[in-house]
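As a plain string of letters, each chain reads:
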Amino acid sequence: MADLLARDGLHFSHARRLWRALHRELVNDFAEGKLPADFLPPLVRWLREHARGSDTHAGYSLDVPTLAAEIPSADGLTSKHLLRLADGQEVETVLMSYPGRYTACVSTQAGCAMGCVFCATGQMGFARHLRPGEIVAQVLHLQRVLRAARSPGLRNLVLMGMGEPLHNYDHVMTALEIITEQRGLNIGPGRISISTVGVVPGILRLAEERRPYNLAVSLHGASEEERSALVPASRRWPLADLIEACRHYAELTGRRIFFEWTLVAGVNDSPDTARRLAALLRGVDAHINLIPLNPTGGFGGSPTEESAVDAFQLALQEAGYPCTVRQRRGIDVAAGCGQLRADKAKRTLTPAAL
Ligand code: SAH
Ligand code: SF4
């Protein structure tokens, strides 16, 4: 931004002021009268000439998605926001509250090309990558929601919404650089988790570039055959290669890896499977997150019963792996990945109807 303004002869201090306005004061409109009163005339003039709201013909535009639907969960702890982007694509952004902190779950693509059979986003297919601004805009949207409610701001960020972050590597990394910038949103890199279906080249790149974020790898199967049945992308990046990439990542970064495991009744939820998973991960500093399936329209599987979830967890713990069961937050608001957009397409929900 500083370079951009400098090209037009503006001093660095203007860029700094604009950056703070966008990411701290959450300004989302460049129209006359909407700008902070202390913007100096050169900056106001520059904005008038180059940047007008979302009118891209003016030069630079703000990514300000419109809210297509918003639904709170019955427990009041989760709210899901369906955001419409400039070209009409809709993506989901979820706000989750835990005691004393808020976490944002954002999307990185409209749809997803990976086709995991149980995932509502996978079932809808791939539309396009999100640009960095469209990823940052989701965080800014939730930050505005929190500010309007006089709540403290976001503390954590997970890239677990729609899409595969490492299939959109460059845009995601640019977005995270903006989100972690200390004079802006300032969400610490250690409070950010990237969840991947297992895009091996992306994992290796994260390690080589020493990216300071947490890594979560979605496994769901402990053998190639089991995994490919749920995660077709495993045919492209086989399980053996994926585990090797994880070992390499752990070695280079010294960081613990989180593994996600969606539990599907009778498919991948037996204690024997848990023990095979432990054997597969032997020697890796791993934490396993279990997610009971959120049923979706395009998949016939059902969620694992609570007692079987406990038995699976116990088997992993006995094998020495820390293991957490993730609550299915907001299941009543269709907060599973891609489910709100899928439901909306089916039932044409409107904000009023919600
Ligand atoms: N594409 C990335 C991040 C988005 S999905 C990935 O796959 O990791 C985030 C997590 O939600 C993944 O672990 C995914 O397997 C899981 N998930 C998707 N749909 C689900 C469903 N219907 N029930 C339970 N977990 C689901
Ligand atoms: Fe894509 Fe992740 Fe859904 Fe698989 S689980 S289809 S990778 S969003």
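Residues numbered from 1 in each chain as written. Chains lettered and ligands numbered in written order. Predicted model: local features only at pLDDT ≥ 70, side-chain atom pairs only at ≥ 80, totals over all residues. Heavy atoms only, no water.

A. Up close: the overall build of the protein chain. Tallying secondary structure elements over the protein chain gives 12 helices and 12 strands in all. For 354 residues, the compact-globule formula gives about 20 Å, and the C-alpha radius of gyration of the protein chain, at 21 Å, lands near that figure. Projected onto the principal axes, the alpha-carbon positions of the protein chain cover approximately 70 × 50 × 35 Å. Classification of the 354 residues of the protein chain by burial places 51% in the buried group. Of the contacts made within the protein chain by residues no fewer than 6 positions apart, 65% connect residues no fewer than 24 positions apart. Of the roughly 15,900 Å² of accessible surface on the protein chain, a fraction of 51% belongs to carbon and sulfur atoms. Between the mean site of the 39 positive side-chain charges and the mean site of the 37 negative ones, the protein chain shows a separation of 5 Å. (Helix = DSSP H or I, 4+ residues; strand = E, 2+ residues; numbered from the N terminus. Rg over C-alpha atoms; globule rule 2.2 N^0.38 Å. Buried < 20%, exposed > 50% of the residue type's maximum accessible area, 1.4 Å probe, protein only. Contact = heavy atoms within 4.5 Å. Areas by Shrake-Rupley, 256 points an atom, 1.4 Å probe, with all protein chains shown as cover. Lys, Arg positive; Asp, Glu negative; His and termini not counted. Charge placed at Lys NZ, Arg CZ, Asp CG, Glu CD.)

B. Region of interest: the layout of surface pockets. Empty space within the second largest pocket amounts to approximately 610 Å³. If you go around the second largest pocket, you meet 26 residues; those closest to its centre are M1, L22, H23, S61 and L62. Of all elements in the fold, only α1 (2–7), α2 (12–23), α5 (132–148) and α6 (169–180) reach the threshold of two or more residues within the lining of the second largest pocket. Per element, the largest residue contribution to the lining of the second largest pocket is 6 residues, and it comes from α5. Broken down by class, the residue content of the lining of the second largest pocket amounts to 18 nonpolar, 5 polar and 3 charged. (1 Å grid on protein atoms, 1.4 Å probe; cavity = no way out; pocket = protein on both sides within 12 Å on 5 of 7 lines; lining within 4 Å. Points joined across faces, edges and corners; volume = space filled by probe spheres on them. Nonpolar A, V, L, I, M, F, W, Y, C, P; charged D, E, K, R; others polar.)

C. The packing of aromatic side chains, seen in detail. This structure, assessed with the given rule, holds 2 aromatic pairs. Plain terms: the ring middles of F118 and F299 are 6.4 Å apart, the flat faces sit at 65 degrees to each other, and that makes the pair edge-to-face. Residue F118 is located in the loop between β5 (109–111) and α4 (120–124), and its partner F299 is located in the loop between β11 (286–292) and α11 (306–318); the two are separated by 181 residues in the primary sequence. For the pair formed by F118 and F299, the shared burial category is buried. Here the basic side chain of R101 rests over the ring of Y98, its NZ or CZ set 4.5 Å away from the ring centre. (Phe/Tyr/Trp six-rings, centres within 6.5 Å; stacked < 30°, edge-to-face > 60°. Lys NZ or Arg CZ within 6 Å of the ring centre and 35° of its normal.)

D. Main features of the site of ligand 1. As a structural note, the neighbourhood of ligand 1 is formed by 19 residues, with G163, S195, S218, H220 and N294 the closest of them. Between ligand 1 and the protein, one listed contact pairs a nitrogen atom with a side-chain N or O atom of E164 at 3.2 Å. H220 is positioned with one of its side-chain polar atoms (N or O) 2.8 Å from an oxygen atom of ligand 1. Coverage of ligand 1 by the protein amounts to 94% of the 530 Å² it exposes when considered alone. (Near = heavy atom within 4 Å. Polar contact = N/O pair within 3.5 Å; in protein donor to acceptor, adjacent residues only side chain to side chain.)

E. Summary view of the site of ligand 2. Near ligand 2 lie 9 residues; those nearest to it are C112, C116, C119, G122 and V197. Considering only residue class, the shell around ligand 2 consists of 6 nonpolar, 3 polar and no charged.

F. Just the pairing of strand β7 (residues 156–159), in detail. The alternating pattern of β7 places N156 and V158 and L157 and L159 on opposite faces, both of which are buried. Alignment of strand β4 (residues 101–105) against β7, held across 3 bridges, turns out to be parallel. By the bridge assignment for β7, A104 is matched with L157. Where β7 and strand β8 (residues 192–196) come together, 3 bridges link them in parallel fashion. Bridge pairing in β8 places L157 opposite I192. Traced from β7 through α6 to β8, the parallel crossover comes out right-handed. (Pairing = 2+ DSSP bridges. Right-handed = clockwise from strand over helix to strand, strands pointing away.)

G. Here's a closer look at the packing of helix α7 (residues 200–208) against helix α9 (residues 239–253). Taken N-terminus to C-terminus, the directions of α7 and α9 make an angle of 5 degrees; their axes are 9 Å apart at the nearest point. On the basis of the axis angle, α7 is roughly parallel to α9. Across the interface between the two elements, V200, I203, L204, L206, A207 and E208 from α7 touch D241, L242, A245, H248, Y249, L252 and T253 from α9. In terms of residue class, the contact of α7 with α9 is made up of 9 nonpolar, 2 polar and 2 charged. (Axes fitted to C-alpha atoms, helices over the stretch in contact; angles between N-to-C directions. Parallel < 35°, antiparallel > 145°, perpendicular 65-115°, else oblique.)

H. Broad picture of helix α3 (residues 41–50). Those residues of α3 that fall on the buried side of the exposure criterion are L43, W46 and L47. Each buried residue of α3 sits inside an arc of 95 degrees when the element is viewed along its axis, so together they form one side. For α3, the secondary structure elements touched by its buried residues are α1 and α2. (Arc of directions from axis to C-beta.)

I. Representation of the environment of G100 in the model. With respect to the helices, strands and loops of the structure, G100 is situated in the loop between β3 (90–98) and β4. Separated by 51 residues in sequence, G100 and S151 have C-alpha atoms that sit 9.9 Å apart.

J. Structural detail: the pairing of β8. Where burial is concerned, most of β8 is hidden: 5 out of the 5 residues are buried. Residues I192, I194 and T196 of β8 are buried on one face, and the alternating residues S193 and S195, pointing to the opposite face, are buried as well. For the crossover that starts at β8, traverses α7 and ends in the parallel strand β9 (residues 214–218), the hand is right-handed.

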